[in-house]
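Here is how the chains run, residue by residue.
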Amino acid sequence: MAPGGKPRNGAETSWDKDGVSAWIQTFGDGTVHVSFAVWIRDVDASGYFDDLDAVYEQGERVLAGFLPEIEGSALAGHLVTAEQTAADEDEFIEVAKWTIDGRILTAGVIQQDTDLPVMVVVALEQPGPQL
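The model shown is predicted, which means the values in this text are computed figures rather than measured ones.

Moving on: the pattern of salt bridges. By the definition in use, this model includes one salt bridge. A salt bridge links aspartate 88 to lysine 97; the nearest nitrogen and oxygen atoms lie 2.7 Å apart.

With that settled, consider the layout of surface pockets. Its volume calculated, the largest pocket comes out at about 370 Å³. Around the largest pocket, the lining comprises 16 residues; the ones closest to its centre are His33, Ser35, Glu91, Gln112 and Ala123. Broken down by element, the residue count for the lining of the largest pocket peaks at four residues, all from strand β8 (residues 118-126). For the lining of the largest pocket, a count of residues per class yields seven nonpolar, five polar and four charged.

As a further point, take helix α1 (residues 52-71). Under the 1.5 Å per step criterion, the end-to-end length of α1 is 28 Å for 20 residues, consistent within 8% with the ideal 28 Å. For α1, the complete set of buried residues consists of Val55, Tyr56, Gly59, Leu63, Leu67 and Ile70. Where α1 is buried, its residues touch β4 (32-41), β6 (92-100), β7 (103-110) and β8.

Our next topic: the nonpolar core. Judged by nonpolar contacts, the single largest core of 16 residues is most densely connected at Leu67, Ile70, Trp98 and Ala107. If you list the elements that add at least two residues to this core, you get α1, β6, β7 and β8. Here this core gets five residues from one element, more than from any other, and that element is α1. Every residue in contact with leucine 67, bar those within four places of it in the chain, is listed here: Ala96, Trp98 and Ala107. Judged by nonpolar contacts, the second largest core, of six residues, contains Ala37, Phe92, Met119 and Val121.

Let's shift gears to the pairing of β7. With six of its eight residues buried, β7 lies for the most part within the structure. Across eight bridges, the pairing between β6 and β7 is antiparallel. Bridge pairing in β7 links threonine 99 to isoleucine 104. The antiparallel hairpin formed by β6 and β7 contains two residues in its connecting segment, where aspartate 101 sits at a positive phi of about 50°. By the bridge criterion, seven bridges tie β7 to β8 in an arrangement that is antiparallel.

Attention now goes to unusual backbone geometry. Within the chain, aspartate 101 stands out as a residue other than glycine whose phi angle is a positive 50°. Along the polypeptide, aspartate 101 turns up in the loop between β6 and β7. You can call aspartate 101 exposed: its relative accessible area is 61%.

Tracing the chain through its elements places lysine 97 in strand β6. Residue class for lysine 97 comes out buried when judged on its relative accessible area of 12%. Only 2.7 Å separates the side chain of lysine 97 from the side chain of aspartate 88, close enough to count as a polar contact.

Quick notes on the rules
Residues numbered from 1 in each chain as written. Predicted model: local features only at pLDDT ≥ 70, side-chain atom pairs only at ≥ 80, totals over all residues. Heavy atoms only, no water. Salt bridge = Lys/Arg side-chain N within 4 Å of Asp/Glu carboxyl O. 1 Å grid on protein atoms, 1.4 Å probe; cavity = no way out; pocket = protein on both sides within 12 Å on 5 of 7 lines; lining within 4 Å. Points joined across faces, edges and corners; volume = space filled by probe spheres on them. Helix = DSSP H or I, 4+ residues; strand = E, 2+ residues; numbered from the N terminus. Nonpolar A, V, L, I, M, F, W, Y, C, P; charged D, E, K, R; others polar. Expected span 1.5 Å × (residues − 1). Buried < 20%, exposed > 50% of the residue type's maximum accessible area, 1.4 Å probe, protein only. Contact = heavy atoms within 4.5 Å. Core = buried A, V, L, I, M, F, W, Y, C linked by side-chain atoms within 4.5 Å. Pairing = 2+ DSSP bridges. Polar contact = N/O pair within 3.5 Å; in protein donor to acceptor, adjacent residues only side chain to side chain.

In structure tokens, the structure reads:
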């Protein structure tokens, strides 16, 4: 992958390759969040799209096609389906969520703001130490 972010503590924070983007985020509580955008659909500059619901449905179809790759992967035997939280329902258009050895694996359709693209993302989060 080609580096795309500013180095932080000696490591790149984002990459792009063949239409897949990746980010690493670290938080003050020790949480590490790694996410991959496997599908991106831009909206126009005004944040308006003639049929945004159609774009959401397209994202949901892409996610539905991607979930069997996760569920059929070498990780499948270690994945435990996790309940969605109210925050998940607010953040995602559609989402699937699992835990694996204390980490949280999430796959979903997201649009973080009206002028940002609609994306299918897969994220792995290592929560920080519980105090």
